[in-house]
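# Architecture at a glance
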Amino acid sequence: MVDSNILKENVGKEASELIKDGQVVGLGTGSTTHHFIRYLGERVRNEELDILGIPTSFQSLILARESGIQLTTLDEYDIDISVDGADEVSPSLDLIKGGGAAHTIEKLVDSSADEFVVIVDDSKMVNSLGAFPVPIEIIPESLRLVKNAVSEMGGIPELRMGIQKDGPVITDNGNFVLDTKFDSIENPYELEIELNTIPGVLENGIFAGITDKVIVGRESGIDVIEK
C-alpha cells in the first residue's frame, strides 16, 4: 500500500509541470496543493520562471511566499490556470471542497481561471457526491436561521468546531462553517445554487461544472481525466 502523502506529492509535482512562463496561477489550499506550491517554487528558482500566484487562503499565501512565488490579486490580473485539491470528485468531475474551510475564495479563484485543474489521490474519487459533508460558510449572525433552512432541505448541519482552539472554526473571512450531510446529492448543480440562496450563506463547497482536468494519484501511477 502506497502512502497517500506520496500520491499527493506525485500529483502536486505533475501539476507543477503544467505551469508555463508568464502565467498567472491560482494557488489552491490543502495538503495536496501544498506539494504543488512547493514544487512550483522549485521551478521558479531553478528555471527563473516569471509567474504570478493568486492564493486562496492565508495558508497558500504564506507557503507561496516561503517558496519564492511572487503574488498578486484578482483585482489586478486574470488567471490563466488554477490548481486546487478536492475532498470528493464525481465521475462528471463535480466536486465537494471546503475541508480546509477555504472554499469561498477557492471558488472565486478556481471558477475565474481559464483552466481549472484538480489534484487528488484516488481515495477522493467517488461514484456520487455526498459521503463528505457539504461545507457551508455563513455569517455568524445567521447560524440559527441557516441551520433551520438547511434542515428543511433535508440536510443535517453541524457547526464545525476548532481544534486547539475553543469554540467554532473561523474562516479567513471571519465566518462560521456548517458541515452539512445530505442522504444523497442527485443534482449537485441545483443544490449548489439552492444553498446559496439562503440568506446568511456566503458560499458552499459544491463545485459543479467548472473542472477542466483531474490529476489522480494511484498506486499504479498518475491518471489524468479530462472533461
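Let us look at the structure shown here.

## Observations regarding the sheet that holds strand β5 (residues 95-96)
Spatially, three strands are ordered β4-β5-β11 in an open sheet, and the strand pairing comes out antiparallel. The outermost strands of the open sheet, each flanked by one partner alone, are β4 (88-89) and β11 (206-207). Bridge count for β4 against β5 is two bridges, and the pairing is antiparallel. Bridge assignment links Glu-88 to a residue of β5, and that residue is Ile-96.

## Some thoughts on the packing of aromatic side chains
With the rule as written, the count across this model stands at zero aromatic pairs. Across the ring face of Phe-207, the terminal group of Lys-107 is positioned such that the distance to the ring centre comes to 4.9 Å.

## Overview of the side chain of Asp-110
Positionally, Asp-110 belongs in helix α4 (residues 103-112). Despite its burial, Asp-110 pairs with no opposite charge, the nearest such side chain being Lys-97 at 4.7 Å. Among the polar contacts listed, one links the side chain of Asp-110 to the side chain of Ser-82, at a separation of 2.6 Å.

## Structural notes on the sheet that holds strand β10 (residues 201-204)
What the four strands build is an open sheet, ordered β8-β9-β7-β10; its pairing is antiparallel. Pairing within the sheet leaves two strands with one partner each, and these edge strands are β8 (156-159) and β10. If you compare each strand with its neighbour and ignore which way they point, the axes differ by 30 degrees on average. Strands β7 (134-138) and β10 of the sheet are contacted by α4, whose axis makes an angle of about 65 degrees with β10. Packed onto the sheet, helix α5 (residues 143-152) meets β7, β8, β9 (176-181) and β10 and runs at close to 15 degrees relative to β9.

## Describing helix α1 (residues 4-16)
Over its 13 residues, α1 runs 18 Å from end to end, which matches the ideal 18 Å to within 8%, given 1.5 Å per residue. Leu-7, Lys-8, Val-11, Gly-12, Ala-15 and Ser-16 are the residues of α1 that are buried. Packing partners of the buried residues in α1 comprise α2 (31-47), β3 (81-84), β6 (115-121) and β12 (213-218). Near the N-terminus of α1, the side chain that reaches the backbone nitrogen of Asn-5, with its oxygen 2.7 Å away, is that of Asp-3.

## Re the packing of α1 against α2
At their nearest, the axes of α1 and α2 sit 7 Å apart, and the two run at 45 degrees to each other. Our classification of the angle between α1 and α2 gives oblique. Taken as a pair, α1 and α2 cross one another with a handedness that is right-handed. Residues Asn-5, Lys-8, Glu-9, Val-11, Gly-12, Lys-13, Ala-15 and Ser-16 of α1 form the contact with α2, whose own contacting residues are Ser-31, Thr-32, His-35, Phe-36, Arg-38, Tyr-39, Leu-40 and Arg-43.

Scoring rules and cut-offs
Going along each chain's sequence as written, the residues are numbered from 1 onward. Per-residue local features of the predicted model are confined to residues with pLDDT of at least 70, and side-chain atom pairs are confined, for both listing and counting, to 80 or more; whole-chain, interface and lining totals are unaffected and use all residues. As a convention, hydrogens and water are excluded, and side-chain values are obtained from all of the structure's heavy atoms. Here, any two strands with at least 2 DSSP bridges between them count as paired. Under the scheme used here, helices are H or I runs from DSSP no shorter than 4 residues and strands are E runs no shorter than 2 residues, and both carry numbers assigned from the N terminus. Between the rings of Phe, Tyr and Trp (Trp by its six-membered ring), a pair exists once the centres lie within 6.5 Å; its type follows the angle of the planes, with under 30 degrees stacked, over 60 edge-to-face, and the other angles tilted. A ring is considered to have a charge above it if a Lys NZ or an Arg CZ atom is located within 6 Å of its centre and within 35 degrees of its normal. Burial status follows relative accessibility: with a 1.4 Å probe on protein chains alone, a residue under 20% of its type maximum counts as buried, one over 50% as exposed, and anything between as partly exposed. In this count, Lys and Arg are taken as positive residues and Asp and Glu as negative ones, while His and the chain termini are left out. A pairing counts as a salt bridge when a side-chain nitrogen of Lys or Arg comes within 4 Å of a carboxyl oxygen of Asp or Glu. For this analysis, a polar contact is any N or O atom pair within 3.5 Å, provided that within protein one partner can donate a hydrogen and the other can accept it, and provided that sequence-adjacent residues contribute only side-chain to side-chain pairs. Geometry is summarised by axes, namely lines fitted to C-alpha atoms with helices restricted to the contacting stretch, and by angles between N-to-C directions that run from 0 to 180 degrees. We call two residues contacting when some pair of their heavy atoms lies within 4.5 Å. In a helix, the anticipated span is given by 1.5 Å times the number of residues less one. Roughly parallel here means an angle under 35 degrees, roughly antiparallel means over 145, roughly perpendicular means 65 to 115, and every remaining angle is called oblique. Each helix crossing is assigned a hand: it is left-handed if the near helix lies turned anticlockwise from the far helix by less than a right angle, otherwise right-handed if that turn is clockwise.

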